[in-house]
Amino acid sequence: MSLGSASLTSLLAGPDGPIEYLTTGSGSPSTVFAHGLAGSIDTTRPFGSGVPGSRTFLHFRGHGASAAPETPWTYAALAAELRAVADTVGAAQALGVSMGAGALCHWLEQEPARFERLVFVIPAVLDRPREDVALERLVAMADRADERDVDGMTELLLLEQPEPVRADRAVRTWCRGQATHLVGTPVSRALRTLPHAVAMDDREALRGVRAPALVLAQEDDPAHPVSVAEQLAGLLPDARLEVLPPGGLMWRHRATVRRLIGLFLTPSTAW
């Protein structure tokens, strides 16, 4: 076990090595949360702050204390890791952020009836490669990670944040903390590989998902275009799309996001 956000995490034997995960709360429903590229358990926990029951957060390969296998960094590999954790804790609900949303889409392509409720936060890709302006910045982040350049990584992470909040002290402190955790780690491999990958082979497979779904997007986020969220919500038979104004989902809209996700992932909530 290791310490994560002042809580004990555990290691699960995954398909390509140990997977670090953390479960908070207890009882039903059981929800699994999947972070984004260069994210972490800590950056994902706020999305579950209003969700009842047991909440399980994982670190994908190369993140946190999870293994960094030599096998390819693909959405199939990420989906297998997500499945290992979700099946272990008996999760009936799932939330994926960006890369985590892609891993969830890949899994649903193979097993559309697995979950009872689904949340996709700022999805970035379905079955067509990304072409956004953030791609070059992600490669630059990989270089900073390999060079152990905390200052350079901090500045690049700041550019990933909405422009109106970049000068906020809390945002700058958060970016530096993330940079400190990322430099010198195998995440650089993911930063070079995954942005050019697709999450699934055929988006039409999502029409077979019957679980209610909530899709959250944000205006003026070139790395996570609203158009992708619109496409995802249009494919899922029972989906609700919420597009929030610019400013950062967890910077300027934390209370709204907490309320939307908390209500949606509460079983007694009418859909």
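The structure contained in this document is the topic of the report that follows. Predicted, not measured: the structure shown is a model, and the values here were computed from it. (Residues numbered from 1 in each chain as written. Predicted model: local features only at pLDDT ≥ 70, side-chain atom pairs only at ≥ 80, totals over all residues. Heavy atoms only, no water.)

### Notes on the overall build of the protein chain
When helices and strands are tallied, the protein chain shows nine helices and nine strands. Here the C-alpha atoms of the protein chain give a radius of gyration of 17 Å, agreeing with the 18 Å that 2.2 N^0.38 yields for 271 residues. Across the 271 residues in the protein chain, those meeting the buried criterion constitute 55%. Sequence separation of at least 24 residues holds for 72% of the intrachain contacts in the protein chain that already meet a minimum separation of 6. Taken as two groups, the 25 positive and 31 negative side-chain charges of the protein chain have centres that lie 6 Å from each other. (Helix = DSSP H or I, 4+ residues; strand = E, 2+ residues; numbered from the N terminus. Rg over C-alpha atoms; globule rule 2.2 N^0.38 Å. Buried < 20%, exposed > 50% of the residue type's maximum accessible area, 1.4 Å probe, protein only. Contact = heavy atoms within 4.5 Å. Lys, Arg positive; Asp, Glu negative; His and termini not counted. Charge placed at Lys NZ, Arg CZ, Asp CG, Glu CD.)

### As for the packing of helix α4 (residues 134-146) against helix α5 (residues 150-159)
Two elements in contact, α4 and α5, have axes separated by 9 Å at closest approach and are oriented at 155 degrees. For the element pair α4 / α5, the angle class is roughly antiparallel. Crossing of α4 over α5 shows left-handed handedness. Across the interface between the two elements, Arg137, Ala140, Met141, Arg144 and Ala145 of α4 pack against Gly152, Met153, Leu156, Leu157 and Leu159 of α5. Grouping the amino acids of the contact of α4 with α5 by side-chain chemistry returns seven nonpolar, one polar and two charged. (Axes fitted to C-alpha atoms, helices over the stretch in contact; angles between N-to-C directions. Parallel < 35°, antiparallel > 145°, perpendicular 65-115°, else oblique. Left-handed = near helix turned anticlockwise from the far one by under 90°. Nonpolar A, V, L, I, M, F, W, Y, C, P; charged D, E, K, R; others polar.)

### Re the packing of aromatic side chains
In total, this model carries three aromatic pairs according to the counting rule given. Here the aromatic rings of phenylalanine 33 and phenylalanine 57 are separated by 4.6 Å at their centres, their planes lie at 20 degrees, and the arrangement is stacked. Residue phenylalanine 33 is found in strand β4 (residues 30-34), and its partner phenylalanine 57 is found in strand β5 (residues 54-58); the two are separated by 24 residues along the sequence. On the basis of relative accessibility, which here comes to 0%, the residue phenylalanine 33 falls in the buried class. Here the aromatic rings of tryptophan 107 and phenylalanine 115 are separated by 5.0 Å at their centres, their planes lie at 80 degrees, and the arrangement is edge-to-face. Residue classification places phenylalanine 115 among the buried residues on the basis of a relative accessible area of 5%. One Lys or Arg, arginine 114, reaches over the ring of phenylalanine 115 and ends 4.6 Å from the middle of that ring. Here the guanidinium or amino end of arginine 117 rests over the ring plane of phenylalanine 264, the centre of that ring lying 4.9 Å away. (Phe/Tyr/Trp six-rings, centres within 6.5 Å; stacked < 30°, edge-to-face > 60°. Lys NZ or Arg CZ within 6 Å of the ring centre and 35° of its normal.)

### Concerning the layout of surface pockets
In this structure, the largest pocket spans a volume of roughly 1,100 Å³. Ile122, Glu160, Gln161, Trp174 and His224 are the residues nearest the centre of the largest pocket, which is lined by 47 residues in total. Of all the secondary-structure elements, those providing two or more residues to the lining of the largest pocket are α1 (41-44), α4, α5 and α6 (169-182). Residue classes in the lining of the largest pocket are distributed as 27 nonpolar, eleven polar and nine charged. (1 Å grid on protein atoms, 1.4 Å probe; cavity = no way out; pocket = protein on both sides within 12 Å on 5 of 7 lines; lining within 4 Å. Points joined across faces, edges and corners; volume = space filled by probe spheres on them.)

### Topic: the nonpolar core
Core analysis: the largest hydrophobic core is formed by 46 residues, its most contacted members being Val32, Leu58, Leu82, Phe115, Leu118, Phe120 and Leu206. When contributions to this core are tallied by element, the ones reaching two or more residues are β3 (17-25), β4, α2 (75-89), α3 (99-110), β7 (117-121), β8 (213-218) and α8 (226-235). Residue contacts for leucine 206: discarding those within four places in its chain leaves Cys105, Leu108, Leu126, Met200, Leu232, Leu235, Leu236 and Pro237. Counting 21 residues, the second largest nonpolar core, distinct from the first, contains Leu22, Phe47, Leu95 and Ile122. (Core = buried A, V, L, I, M, F, W, Y, C linked by side-chain atoms within 4.5 Å.)

### Observations concerning empty space enclosed by the protein
Inspection of the entire model under this criterion finds one cavity of 30 Å³ or more. Put simply, the largest cavity is a space of about 40 Å³. For the lining of the largest cavity, the element with the most residues is β3, which contributes three residues.

### Some words on the pairing of strand β9 (residues 239-244)
Alignment of β8 against β9, held across six bridges, turns out to be parallel. Bridging across to β9, alanine 213 finds its partner in alanine 239. One crossover worth recording links β8 to the parallel β9 by way of α8, and it is right-handed. (Pairing = 2+ DSSP bridges. Right-handed = clockwise from strand over helix to strand, strands pointing away.)

### Comments concerning the pattern of salt bridges
Tallied over the entire structure, the rule returns 16 salt bridges. Among the salt bridges present, the one from aspartate 149 reaches arginine 144, with a minimum N-O distance of 3.7 Å. In the salt-bridge network here, residues are joined through shared partners; they are Arg83, Asp87, Glu111 and Arg114. (Salt bridge = Lys/Arg side-chain N within 4 Å of Asp/Glu carboxyl O.)

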